[in-house]
Each structure stands twice: as C-alpha cells, then as structure tokens.
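Observations on the three-dimensional arrangement
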Amino acid sequence: MAVDMTATAAPPTIKPAAQVQGLSFAYGARTAPSAGSPSGASESAKRTVQALDGLTLDVPSGAVFGLLGPNGSGKSTLLSLLVGLRQPSAGEVRVLGQPPSAAIRARIGLLFQETSLDPLMTLRETLWLHGRLYGLAGHTLRTTIAQLLESVGLADRADSLVSTLSGGMKRRLELARVLLPSPQLILLDEPTTGLDPDAEAALWARLHEANQTGATIILATNKVHEADKHCQQVAFIHRGRLAAQGTPAELKAGLKRDAVWVEWPDLPPTLADEIAAWEGVGKLTWAHPTLHVTVDAASAFVPRLFQAAEDGIRAIRIRESTLEDAYFDIVGASLSDQRGAV
Amino acid sequence: MSALAACGALLQRDVRAVLRSRSQLYSTILLPLMLLAILGTGVSQGLDPTLVRDGDYATFLVPGMIAMAVLFSSTFSSASYYRDRDSGLMRVMLASPHSPRVILLGKALAGVSIGGLQALAVLAVAAAIPAIDLEWQHGVIPGIALAAIGIALLALLLNGFAQVVASRIRTMQGFHLVMNLVLFPLLFFSGAFFPLEDLPAWLKVLATANPLSYGVDLLRVAIYDDGSGYFGLPLDFAVLTALAFALFAWGLQRHPGYHW
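Keep in mind that this is a model prediction, so the values were computed, not measured.

1. Regarding the overall build of chain A
Across its full length, chain A carries eleven helices and 13 strands. Here chain A holds 342 residues, and the buried ones make up 50% of them. Considering only intrachain contacts with a sequence separation of at least 6, the fraction spanning at least 24 residues in chain A is 74%. Taken as a whole, chain A presents about 15100 Å² of accessible surface, with 50% of it coming from carbon and sulfur.

2. Some details on the sheet that holds strand β6 (residues 185–189) of chain A
All names here are of chain A. Strand order in the open sheet made by the six strands is β5-β6-β7-β3-β8-β9, with mixed pairing throughout. Looking along the sheet, the strands with just one partner apiece sit at the ends: β5 (108–111) and β9 (241–246). Taken over all neighbouring pairs, the strand axes of this sheet differ in orientation by 15 degrees on average, direction set aside. With five bridges joining them, strand β3 (residues 64–68) and strand β7 (residues 216–221) adopt parallel strand pairing. Bridged to L67 within β7 is A220. In the packing of helix α6 (residues 197–212) onto the sheet, contacts are made with β3, β6 and β7, and the angle to β6 comes to roughly 155 degrees. Relative to the sheet, helix α11 (residues 323–331) contacts β3, β8 (233–238) and β9, its axis offset from that of β8 by approximately 45 degrees.

3. Brief notes about the packing of aromatic side chains
On inspection of all chains with the given rule, the structure shows twelve aromatic pairs over all chains. Members of the aromatic cluster, joined through ring pairs, are F72, F184, F188 and F193 of chain B. Sitting above the plane of the W261 of chain A ring, R317 of chain A keeps its charged end 4.8 Å from the centroid. It is R91 of chain B that lies over the ring of F112 of chain A; its NZ or CZ is 5.2 Å from the centre.

4. With respect to a nonpolar patch on the surface
Judged by side-chain polarity, F306, I316 and I318 of chain A come together as a nonpolar surface patch covering roughly 230 Å² of accessible area. Structurally, the position occupied by I318 of chain A is in strand β13 (residues 315–320).

5. A closer look at the nonpolar core
L67, L78, L82, L187 and I218 of chain A together with I223 of chain B are the most contacted members of the largest nonpolar core, which totals 106 residues. Those residues within four positions of L187 of chain A in sequence are excluded, and the remaining contacts are L79, L82, V83, I108, G109, L110, L111 and I218 of chain A. Listed in part, the 46 residues of the second largest apolar core include L149, A158, A243 and A244 of chain A.

6. Brief notes about the sheet that holds strand β10 (residues 258–263) of chain A
All names here are of chain A. The sheet built from four strands is open, its strands ordered β11-β12-β10-β13 with antiparallel pairing. Either end of the sheet is taken by a strand with one partner, and the two such strands are β11 (281–287) and β13. Looking at each pair of strands side by side, their axes are set apart by 15 degrees on average, direction ignored. As paired strands, β11 and strand β12 (residues 290–295) are joined by five bridges and run antiparallel to one another. Counted as the bridge partner of W286 is L291 from β12.

7. A short note on the side chain of T192 of chain A
Residue and element names in this part refer to chain A. Counting through the fold element by element, T192 comes out in the loop between β6 and α6. Within the structure, the side chain of T192 is placed 3.0 Å from the side chain of K223, a separation counted as a polar contact. In this structure the side chain of T192 is engaged in a polar contact, spanning 2.7 Å, whose partner is the side chain of E226. Apart from the residues within four sequence positions on either side, T192 is in contact with E200, L203, W204, K223 and E226.

8. Focus: the pattern of salt bridges
Residue and element names in this part refer to chain A. Evaluated as defined, the whole model comprises 17 salt bridges over all chains. The residue E92 makes a salt bridge to R94 at a minimum N-O spacing of 3.8 Å. The exposure class of R94 is partly exposed, given its relative accessible area of 30%. Measuring nitrogen to oxygen at the nearest pair gives 3.0 Å for the salt bridge that ties R319 to E324. With a relative accessible area of 16%, E324 lands in the buried category. A cluster of three or more residues bridged by salt bridges with shared partners is formed by R171, E174 and R177.

9. Quick look at the pairing of β5 of chain A
Residue and element names in this part refer to chain A. Residues I108 and L110 line one face of β5 and the alternating positions G109 and L111 line the opposite face, and both faces are buried. For β5 and β6, the ladder comprises four bridges, and the chain directions are parallel. If you follow G109 over to β6, its bridge partner there is I186.

10. Regarding unusual backbone geometry
Residue and element names in this part refer to chain A. The amide bond that connects H288 to the next residue, P289, takes the cis arrangement and shows omega of 5 degrees. Relative to the assigned elements, P289 resides in the loop between β11 and β12. In this structure, L96 is a non-glycine residue whose phi angle is positive, near 50 degrees. Assignment of secondary structure puts L96 in the loop between β4 (90–95) and α2 (102–105). The phi dihedral of E310 is positive, around 60 degrees, even though this residue is not glycine. Relative to the helices and strands, E310 is located in the loop between α10 (298–309) and β13.

The rules we used
Residues numbered from 1 in each chain as written. Chains lettered and ligands numbered in written order. Predicted model: local features only at pLDDT ≥ 70, side-chain atom pairs only at ≥ 80, totals over all residues. Heavy atoms only, no water. Helix = DSSP H or I, 4+ residues; strand = E, 2+ residues; numbered from the N terminus. Buried < 20%, exposed > 50% of the residue type's maximum accessible area, 1.4 Å probe, protein only. Contact = heavy atoms within 4.5 Å. Areas by Shrake-Rupley, 256 points an atom, 1.4 Å probe, with all protein chains shown as cover. Pairing = 2+ DSSP bridges. Axes fitted to C-alpha atoms, helices over the stretch in contact; angles between N-to-C directions. Phe/Tyr/Trp six-rings, centres within 6.5 Å; stacked < 30°, edge-to-face > 60°. Lys NZ or Arg CZ within 6 Å of the ring centre and 35° of its normal. Patch = residues over 30% accessible without salt bridge, like charges linked within 9 Å, V, L, I, M, F, W, Y side chains within 5 Å. Salt bridge = Lys/Arg side-chain N within 4 Å of Asp/Glu carboxyl O. Core = buried A, V, L, I, M, F, W, Y, C linked by side-chain atoms within 4.5 Å. Polar contact = N/O pair within 3.5 Å; in protein donor to acceptor, adjacent residues only side chain to side chain.

See below:
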C-alpha cells in the first residue's frame, strides 16, 4: 500500500503551510466539585489527559488537507495549537513558516465545530466586528461584507438578528466570517456537523473557491465521505499520534472492493487465520469484538463466512470500501472508537 | 412515570444544583442577614431627616443613586462575558490577532463607558427634577466635571472588580449572586442612603474601609454638599484612583478562559 507512514508526504519543493514536529499536549482537567462540602472549598482532583502524543505532520501549501480520526483523537487540540491558543508541552509548531503568534492569526481563518455567534447581533454587525478585529475598516470592509453576504446567499438578511437564522444560515454566516479577512490558511473543525446535504455542498463549493485562490484548508473531521471527497491529502490521527498520511487513493490502495464488518466476540484465532487465507480476501483486522476485512466480492465471501462461523456471528455490515476501512486496517480501531477520548 | 415522580426528580435535580453552587447557597442566606444588620442599624441610628441639608432626603440620595447606577451597570456589563462565552463569540475573539488582554480591555472599556453614561444620565434627570435641589458649590460645569471624574473612577473600579469575579465564577447566576453579596452591603454602608457622620463607630469603620464610600463622598462634594465631604476630596481622589487602576489592571490580568 502506497501509504507514507513517516509523515513526509509533501514534496520537498512545496513549502508546508503547517508543520508540527513531535507535538504533545495534555489537558489537566478538574473533576466536578462534590455537593454539600461543609468547608465550602471544592473538592477537586487533577487528572491529566494526553490529547497529542508526539504528533509529526506536514501540511503542504495550497492543499485541502484532512485530519481524520474519531472524537477525542486530538484533531481539535491540534487546531488550537496551530492557532497558538494553547501551548504544547513538547514539540514544535510552525504555521505559514513561523511559530504561532497573534500576527500569524491575522492570516488564519477558523471555523469552530459549534456555532460561535452572538444571537443578539445582526449579520452585518457580526461581520463588521470580525473585520475590525482583523484590521479592516471603512469602505473596504463595508464592500467586502456586502460581497460575502451575497456570496453565501444571506444578503437579504444582512440586518436580521442572528437569532432569527436557521442552523444552515448560521453556518453560512460563519463561513463568511472566516473568509472575510482573506485568510491564507483556513482551519475547519467538523464544519458540516448538522448540515443537510445541500448546505454541505454549498459550503464546500465556497471553500473550494477559496482554495483555488490560494488558501490552504485543514479539515478536522470524522466524516469519511467528506475527507475522501474534498481532501487532496488525509492524515489518520489516532490517540494523538499520526497513524498514516497520504492521498485518499494511496490510503485506500490496499483495500479490496467490499468492506465487511462482523461483530463476532468469540472468533477463534485459528479461524481468523483461515479466513485471511481465503481467495479474494484482503487484510483482515481483528479488534474485539469486530472483525474487519475487505474482499473482492462480499456476495461470495459472506455465505462462506456464515458457514464457517456457525452461530458465532451477532451482526454483519457490508458496504463499498472507504477511507474508514483504510483507517481500521491501519489503526486497528473504528472511527467511532472513543476510547481515550479527551 | 407519574407526574409526582417527575416533579420529585426535577425537585431533586434543582436542589442538587443549588447545593453544588455554593455561591448561590451562601449568598442567598448571607445577603438578607447582612442587610438586616447594616441597613437596619443605619436606618435606626443614622437616618434622621433633620441630619441632611434642609431635611431634603430626596436630594441627599442623588449621589448614592448615581453610584448605584455605576454599580448595576458594571455588574450587567461584566455579565456579558458569560453571554460571549456561552454563545461562543469569546473563542472567536480570542482566536483573532489580538492578545486576550486586548479583548478584555475592549470589553472593560465598554463597561466603563456604558456605566459612566448611565450614571451621567441619572445625574441629568435628577438635576432636571424641580424638587431636587443640588448645591453645585463649585459651579455647575466644574461640578459636572468633578462628578464625571468620580463616576469614571467608580466605573473603572467596579468593572475591574466585576472582571476579577467573572474570571473566577463559572456560572452567570453565581456571578450575579456574588456581586450582590459583595456590592449591596458596600452600597448600603457607603453613605449612599444615610449620612456617615452619625453612624455607630463600627459602621464608620466599615464605611472607611469601603471604597464605594469615597466615590459617594466625592459625588456628594461635587453636586450636593456645601462642605468638603466626610473624607475630603484629596483622600477621595487618592483612594479611588489607586483602587480603580489597581482593580482594573488586576481584572485585565485574568484570562477569560479558553473553551474550544
């Protein structure tokens, strides 16, 4: 499989938009205070959660780059470190050729996973505030706001309160806000969560326009189809580490056509070895209780599997192979695996 | 599930929430008790209409009401930190090309400006009421200027304090309760409601230790009194200026907290 496991996929001639080297970060979280403590002082205990653990990654300039991993794998933490809002406990970060700083943030657009809008501001006021924070003013700012509202289809709502917008409209407004200062690097944290397919397509159309004008896009997501469809390169992140990096085609290169997910808690190891040797069977991965395998033809594989398993199989899922299967093959865990989530 | 069981579950949940929110639990009990001690004593022993100029208690109250306007405005302005945090706008602002202190400074200056303008509006309305007889011993324009300086210093002080509290209290309800617990007593023994001169010694000590007293005293000298005030203008200015800038600067040191 043509997968670069050493995180140096970017051709040496292309300057990286973002580079992280041996990056680590741990959250020191406090437990909730217990009720009724007579002292009035909250009883708290510290625990540390390792969000990133020696991550090394290069994001080529001008790319649409996907960070694919389950919730809690460290994707959002990485974005916050790229922006410089958190400091790593170890390792180095460079964004647009420099360490993160306030000046660098002026060249970055950031779309948070959750809605980040003041419901009591109008759309125009929202963009105006953002433009002023990014040093825009006067006629230029007014014109840019009008153009952006037009381009995201919200021009007729410019003076409406944000609270009157639908979820999809709010996302479009946030996209306009991200694009307002013409960022060179756009960071997207689960940007299409909760959007319907039309809204998702419209959002991506506008993002691709920005990419074509030179902006690098880093997408943190656990949506396989989104990374597969829109990203030129994808990095698999698992428990704060880079598991693999490459183009979607490279990452999927070793997969057979059909993916079969089998819930089989008591799979005998010898039988697993036997199945792996069947003709038309690709890499077989066992992560209790799931057996994952890609095959040339599920229609031939599945009846044979049931015959061999007798009554040991509890559930089975069949579909065309995707990046999720590549992820499972490489990482040995599903994208919905949240063990170790932060 | 019966309606009774549902109500019981909701009751249990809300009681737990109050028990976990210690600021709410204690301030709800402490505030009435403190007011009972302070306001009760003040009214019983200090409030005699003949002790204020011409027995005109309404006019006497004006400086205190101006201070109260600044106090409430500062509290409400600082509560916007919670609105910005909960709406997510705070993280957008913190991700902008500015340090958290710049963001805090902008918001704090907004609080100071709003509080100052609201207090001046109270002064303007009070001055326009025929029954209110302000003295303006230094003249109207110098008096307004003096009052404006006092209001600005009070607003700086109270916004700084509110920012310090807001950075430590997780919920807006808790913030309001702590502010009420601290600020209402400060207001009541600041000389806003009764003259300090005839209070018992223990209340005089508390009034002297109360920063708000110096603001009320300054405002009273500016617009109401024909004397030099309880503390005197130099002390009023010295205490207010030192505390206002110290608390405002302290408030700006408090990181609003980053939530992604």
